[in-house]
Structures are given as structure tokens and as C-alpha cells.
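Notes for the structure review
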Amino acid sequence: MRTACSDRTLALATVAMTPDADPAVSRERLGDVVRGIVRDHPDVRLILFGEVILGWFYRKGETEAYHRRIAEPIPGPSTEFVAGLAKEHEVYLSFGMTERRGERLHNTQILIDPAGEIAAVHRKFWIRNRVFTPAERRLTIADVDGARAAVLICADARSLWLLRAIRRARPDVVLASLADYGTSLRLNGMMGTFYDAWTAVANRYGEEPPLTWHGLITITDRLGRLQAHGIGREQYLYHRIPIDRGGAVRRGLRRLLAGGRLFVLVIAVLGGTVATKLRWRRPST
């Protein structure tokens, strides 16, 4: 029987997976990934998968019709399948899916515990793909072996309200589920600093014409330092994170550092914008 970590660490893995357009095929792929991680890292306690990872994110000319076809209620076939995996391997599993609630579609992240029970449901509220209905703004926190885990989905990270809510909640780890074709290690690293928490980013990899998903995944510490990262293929990252946050003094120092990093980032972005404008204005010879 697998047991929780006793040395105040949490062993987790975050995944870049290539989903199939058919959720049944994607579920089998997810199961294969889980079995492989558990085989290679028997102490793993949490495995994180990306945003709506059981299907494609975008299908040219039929995105809404497609998501309506693959949408499921909660509980439903996909949560039952993943619950079986979680029980079999005695791990926490988090994955994204298209949820059907009446006539509405939600971009939803599920966390299932080792008993096969749904521990948390987070519905994306900062919506860019208008196929999905924005959920009510809320902070989702779950207990994972005594660690406090905050859950967010991709563009939710743009919310200053959520940033403040996460910092007030003082989680040990932020589980960030993405469908993102960006490749900014710098921005991923900043997430740990902003949230004052370890941050694990899951993503997707592969071709969904005309989109290419590069599969950038990262694990960063509370100071925004990259502890592991990968890009350009299906893969996973494994890391043991400490769940002792330290006292008020250390927290205050981290927050001062976060303010400095934010200032540097803003200056870099503004500087890049100005430089671009100057290049465009430069007269041709």
C-alpha cells in the first residue's frame, strides 16, 4: 500500500501529452502515462495533466460543435475512468476536460484523490475561447497529502484577483493546467514568484492544425527558479517539493523579491515594445 510522504515533501509529476480528437483514445493514453510514471517513480503522489487534455482544443470551422460532441457531465465516463486509475495506483490525478452542464460547456479541471473521489473541481473563469462559458470567479484549494494545492487553468493566471487570492491562501503548490503554444521559460518562472508557491505547469504537445503545441512544462520554486523544464516532445517532469513554507520573515523577503522581479519584467516588456516601434519607424535607405 502506497502512503503519504512523511518527510514534509510532495512527490509530483507534470505532463506534456498529445491528446487524440477521440476522448476514448486520449483516456487510454493518459492511463499509459500514469502507469509509466508510477513504474519509474513509485513514490509519486500527484500527477498533473493539461487543460481539456482529453480532446483537441481547437478544430478549424467546428470547434463548438466538436466540444459539444465530446462534452461530459461530472461525474461521467472520464471521471470514472480516471478515478479507477487513481484507486489502482493510489495517487492523486488532475486532468482537464470539456464539461457539459445543461446547455453550457465549461473548461474544467478535476482533481481525483487516491480513494477515487473527486477532491476538487475548478471551472475556468477567464475565457478566451468563447466556446466555453466563463465560470464564476473562485479560488480552488485542495488538500494533497497535507499540502495545500491551488488549481488554475491557463488564462485564469491573468486575473489579479486570483493572484491576490492565492497569495492570501498561502498554498504550498499551484497546479497550472495549460493549453498553451507559448514558449516563455521566463514567464513560467515568474509564476512561482508571483504566487509565492511552488508551481507545476502541465501542457499539451502536438499538431492540431493550424495550431502547433510546443509542450512547454515547468516546475518552479517559490523564488521563481526553474527546477525542471521540458519542451518539444511528449514527456513528464518529476520533482519532490518541500511543503514547509517557513515563517513570516522569509515570506516577506520572498514578496520583496517578487515585487523586484515584476518591476524588471514590466521594464523589459515596455523596453521591447519601444524598441520594436523604433525599428518600424526607422527610415529605409
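Residues numbered from 1 in each chain as written. Predicted model: local features only at pLDDT ≥ 70, side-chain atom pairs only at ≥ 80, totals over all residues. Heavy atoms only, no water.

A short note on unusual backbone geometry
Most of the time, phi is negative for any residue but glycine, and the peptide bond is trans. Of the consecutive residues Ile-74 and Pro-75, the connecting peptide bond is found in the cis state with omega at 0°. Note that Pro-75 resides in the loop between helix H2 (63-70) and helix H3 (77-89). Residue Pro-210 follows Pro-209 across a cis peptide bond; omega there is 10°. The residue Pro-210 is located in the loop between strand E9 (198-208) and strand E10 (211-214) in this model. In this model, Cys-154 sits at a positive phi of 40°, which is unusual for a non-glycine residue. You can see Cys-154 is positioned in the loop between strand E7 (147-153) and helix H4 (160-169). (Helix = DSSP H or I, 4+ residues; strand = E, 2+ residues; numbered from the N terminus.)

Some points on helix H1 (residues 23-40)
Between its terminal C-alpha atoms H1 stretches 26 Å, which fits the 26 Å expected from 18 residues at 1.5 Å a residue. On the buried face of H1, the contacting elements are strand E1 (9-17), strand E2 (46-48), H2, H3, strand E3 (92-101) and strand E13 (235-242). Where H1 begins, the side chain of Asp-22 points an oxygen toward the backbone nitrogen of Ala-24, at a separation of 2.9 Å. (Expected span 1.5 Å × (residues − 1). Contact = heavy atoms within 4.5 Å. Polar contact = N/O pair within 3.5 Å; in protein donor to acceptor, adjacent residues only side chain to side chain.)

A few points about the pairing of E7
With six of seven residues buried, E7 lies mostly within the body of the structure. Bridge analysis of strand E6 (residues 140-144) against E7 gives five bridges, and the strand direction is antiparallel. From the neighbouring strand, Asp-143 faces E7, where its bridge partner is Arg-148. Linking two consecutive strands that pair antiparallel, namely E6 and E7, is a turn of two residues; a positive phi of about 55° is found at Asp-145 within it. In terms of strand pairing, E7 meets strand E8 (residues 173-177) through five bridges, oriented parallel. Within E8, the position partnered with Ala-150 by the bridge is Val-174. (Buried < 20%, exposed > 50% of the residue type's maximum accessible area, 1.4 Å probe, protein only. Pairing = 2+ DSSP bridges.)

Observations concerning the environment of Ile-112
When you line up the elements, Ile-112 lands in strand E4 (residues 104-112). For the pair Ile-112 and Ala-83, spaced 29 residues apart in sequence, the C-alpha separation works out to 6.3 Å.

Some details on the layout of surface pockets
Its boundaries defined by the atoms lining it, the largest pocket holds a volume of some 870 Å³. Taken together, 30 residues line the largest pocket, and the ones lying closest to its centre are Arg-128, Cys-154, Ala-155, Arg-158 and Asp-180. Secondary structure elements with two or more residues in the lining of the largest pocket: H4, helix H5 (185-195), E10 and helix H6 (248-281). It is H5 that provides the largest number of residues to the lining of the largest pocket, a total of five residues. Looking at the lining of the largest pocket, its residues break down into 19 nonpolar, six polar and five charged. Taken as a whole, the second largest pocket holds about 160 Å³ of empty space. Lining the second largest pocket we find Arg-101, Arg-104, His-106, Arg-123, Pro-134, Ala-135, Glu-136 and Arg-138. Each residue belonging to the lining of the second largest pocket can be placed in one class, and the counts come to two nonpolar, one polar and five charged. (1 Å grid on protein atoms, 1.4 Å probe; cavity = no way out; pocket = protein on both sides within 12 Å on 5 of 7 lines; lining within 4 Å. Points joined across faces, edges and corners; volume = space filled by probe spheres on them. Nonpolar A, V, L, I, M, F, W, Y, C, P; charged D, E, K, R; others polar.)

Some points on empty space enclosed by the protein
By the definition in use, this model includes one cavity of 30 Å³ or more. In this structure, the largest cavity spans a volume of roughly 50 Å³. In terms of residue class, the lining of the largest cavity is built from four nonpolar, three polar and one charged.

Concerning the pattern of salt bridges
On inspection of all chains with the given rule, the structure shows 14 salt bridges. Its salt-bridge partner being Lys-124, residue Glu-51 comes within 2.8 Å of it at the nearest N-O pair. Residue Glu-51 is found in the loop between E2 and H2, and its partner Lys-124 is found in the loop between strand E5 (118-123) and E6; the two are separated by 73 residues along the sequence. One continuous salt-bridge network, built from bridges that share partners, spans Arg-59, Glu-62 and Arg-69. (Salt bridge = Lys/Arg side-chain N within 4 Å of Asp/Glu carboxyl O.)

Looking at the environment of Arg-148
Inspection of the secondary structure puts Arg-148 in strand E7. The partly exposed category is assigned to Arg-148, whose relative accessible area is 37%. Residues contacting Arg-148, with those up to four places away along its chain left out, are Ile-141, Ala-142, Ala-169, Arg-170, Pro-171, Asp-172 and Val-173. There is a polar contact of 3.1 Å between the side chain of Arg-148 and the backbone oxygen of Ala-169.

Things to note about the confidence of the model for the protein chain
Any segment with low pLDDT has predicted coordinates that should not be analysed in fine detail. Averaged over the protein chain, the pLDDT score is 89; the fraction of residues at 70 or greater is 83%. Ignoring residues within four places in sequence, the model shows residues 272-285, a span with pLDDT below 50, making zero contacts including any to other chains. (pLDDT = per-residue confidence, 0-100.)

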